[in-house]
Amino acid sequence: PIIHVHAGDTGHKTLWVVVVLMGLSSLAFYGMAFRVPVQKRLFHILTAFITTFAFLSYFAMATGDGKNYHYYTETETHKRVPPTHQKFGREVYWARYIDWSVTTPLLLLDLALLAGLSGANILVAIVADVIMILTGLFAAYGTTDGQKWGWYAWACIAYLVVVYQLASSGRAAVATKDSKTKAFYASIAGFTLILWTIYPIIWALSEGAHIISVDAEIIAYAVLDILAKPVFGFWLLFTHDSMSSTSPSL
Ligand code: RET
């Protein structure tokens, strides 16, 4: 017999709450885009696209799309002697990875334009980021521990490249800007790095080691996604709108 591990009522309700929040914040961001001069609008468009993608991906997950069962065998030694090999099927929400592969590069672009990062550094950050998400997707479907944690390790190394670009190259680039932009970049990039670092921890506890339930996984990612997209977006746009001198060079 196969034990199926899947979302319950709480998980489904949480997914719908996020659909609504992502939809409403997208509308707000598109609305705000009309009200700013065209030189500032790139940030609004980028940020609105980010929540639009999240809206679509959460709509998929809430309606039962964008997921499937991933089967694995776990050896249970603590319960039975001799050990048994129990088969499990746990839900993997692959729609998240499609969402992340598009939206995390756009989030990085928001920060890179704020800092005035060079084209080369932007490309390195974005390519490393895409590698991080795609290797994370492979990790989710790994069947042996070697596969799963091997892919996870590559994803973490790619993530370190992203961290380096934001923390080191980004900080160096923004150093030439006015003090308001410098301080704002330090806060919002710091906020981003703290939030993003929680994702691989949640992954390890859920899809990785199967310690927390699918509902707990959904709730944890929901809270993180709301902070990383709408909250990040409102903070970025309101602050940037109130700054007189900075505009992206595009
Ligand atoms: C995975 C698992 C493999 C190791 C690492 C990960 C990092 C994921 C990150 C995701 C960020 C998502 C955001 C979404 C916005 O709503 C793929 C979980 C390092 C950093 C910001």
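Note: the structure precedes this text.
Asks: Lay out the packing of helix α3 (residues 95–115) against helix α6 (residues 179–208) in plain terms, naming residues and giving numbers.
Replies: Contact pair α3 / α6: the axes reach a minimum separation of 10 Å and the direction vectors enclose 160°. As far as their axial angle goes, α6 and α3 are roughly antiparallel. Here the hand of the crossing between α3 and α6 comes out left-handed. Contacts from Y97, W100, T104, L107, L108, L111, L114 and A115 of α3 reach α6 at T181, F184, Y185, I188, A189, T192, W196, Y199, W203 and E207. Here the residues of the contact of α3 with α6 sort into 14 nonpolar, three polar and one charged.

Asks: So what about the nonpolar core? Which residues, and what values?
Replies: Core analysis: the largest hydrophobic core is formed by 62 residues, its most contacted members being Y58, L114, Y185, W196, Y221 and L236. Listed by contribution, the elements that provide at least two residues to this core are α1 (9–35), α2 (41–62), α3, α4 (119–140), α5 (145–174), α6 and α7 (214–242). If near-sequence neighbours (up to four positions away) are discounted, L236 is found in contact with F43, T47, D110, L114, F184 and I188.

Asks: If you had to explain the environment of Y69 to someone new, which residues and values would you point to?
Replies: Along the chain, Y69 turns up in strand β2 (residues 68–76). For Y69, a relative accessible area of 31% translates into the label partly exposed. For Y69, the residues in contact, after removing those within four places along its chain, are H4, V5, H6, G89, R90 and E91.

Asks: Let's hear about the site of the ligand: which residues, and what values?
Replies: Close to the ligand lie 14 residues; A155, W196, Y199, D225 and K229 are nearest. The contact in question runs from an oxygen atom of the ligand to an N or O atom on the side chain of D225, over 3.2 Å. At 2.8 Å from an oxygen atom of the ligand is found a side-chain nitrogen or oxygen belonging to K229. For the ligand, whose free accessible area comes to 540 Å², the fraction covered by protein is 100%. When contributions to the shell around the ligand are tallied by element, the ones reaching two or more residues are α3, α4, α5, α6 and α7.

Asks: Provide a residue-level description of α1, including the pertinent values.
Replies: Taking 1.5 Å per residue as the helical rise, α1 with its 27 residues ought to reach 39 Å, and the 40 Å between its terminal C-alpha atoms agrees with that figure. Of all the positions in α1, only G11, T14, L15, V18, V19, M22, G23, S25, S26, F29, M32 and A33 are classed as buried. Residues of α1 that are buried make contact with α2 and α7.

Asks: Please give an account of a nonpolar patch on the surface that cites residues and values.
Replies: The grouping of I194, I198, I201, L205 and I211 at the surface amounts to a nonpolar patch, some 460 Å² of accessible area in total. With respect to the helices and strands, the residue I194 is situated in helix α6. Of the residues examined, I194 reaches a relative accessible area of 60% and is grouped as exposed.

Asks: Any chance you could break down the packing of aromatic side chains for me, citing the residues and the numbers?
Replies: Under the defined criterion, the tally for this structure stands at 16 aromatic pairs. Ring geometry for Y30 and F49: centres 6.4 Å apart, planes at 65°, overall edge-to-face. Residue Y30 is found in helix α1, and its partner F49 is found in helix α2; the two are separated by 19 residues along the sequence. Classification of Y30 by relative accessible area gives partly exposed; the value is 28%. With a centroid separation of 5.9 Å and an interplanar angle of 20°, the aromatic rings of Y199 and Y221 are classed as stacked. Placement of the pair is Y199 in helix α6 and Y221 in helix α7, with a sequence separation of 22 residues. Taken individually, Y199 and Y221 each receive the classification buried, so the pair is uniform in this respect. An aromatic cluster is defined as three or more aromatic residues linked by ring pairs; in this entry it consists of Y97, W100, Y199 and Y221.

Asks: So what about α4? Which residues, and what values?
Replies: A rise of 1.5 Å per residue sets the reference length of α4, with its 22 residues, at 32 Å; its end C-alpha atoms lie 32 Å apart and thus fit the reference within 8%. Those residues of α4 that sit buried are I122, A125, A128, D129, M132, I133, T135, G136, A139 and A140.

Asks: How would you explain unusual backbone geometry if you had to name every residue and give the values?
Replies: For H210, which is not a glycine, the phi torsion comes out positive at approximately 55°. By the secondary structure assignment, H210 is in the loop between α6 and α7. Residue classification places H210 among the buried positions, given a relative accessible area of 18%.

Asks: Give me the side chain of Q86: which residues, what numbers.
Replies: Here Q86 lies in strand β3 (residues 84–92). Separated by 3.0 Å, the side chain of Q86 and the backbone oxygen of P1 make a polar contact.

Calculation criteria
Residues numbered from 1 in each chain as written. Predicted model: local features only at pLDDT ≥ 70, side-chain atom pairs only at ≥ 80, totals over all residues. Heavy atoms only, no water. Axes fitted to C-alpha atoms, helices over the stretch in contact; angles between N-to-C directions. Helix = DSSP H or I, 4+ residues; strand = E, 2+ residues; numbered from the N terminus. Parallel < 35°, antiparallel > 145°, perpendicular 65-115°, else oblique. Left-handed = near helix turned anticlockwise from the far one by under 90°. Contact = heavy atoms within 4.5 Å. Nonpolar A, V, L, I, M, F, W, Y, C, P; charged D, E, K, R; others polar. Core = buried A, V, L, I, M, F, W, Y, C linked by side-chain atoms within 4.5 Å. Buried < 20%, exposed > 50% of the residue type's maximum accessible area, 1.4 Å probe, protein only. Near = heavy atom within 4 Å. Polar contact = N/O pair within 3.5 Å; in protein donor to acceptor, adjacent residues only side chain to side chain. Areas by Shrake-Rupley, 256 points an atom, 1.4 Å probe, with all protein chains shown as cover. Expected span 1.5 Å × (residues − 1). Patch = residues over 30% accessible without salt bridge, like charges linked within 9 Å, V, L, I, M, F, W, Y side chains within 5 Å. Salt bridge = Lys/Arg side-chain N within 4 Å of Asp/Glu carboxyl O. Phe/Tyr/Trp six-rings, centres within 6.5 Å; stacked < 30°, edge-to-face > 60°.

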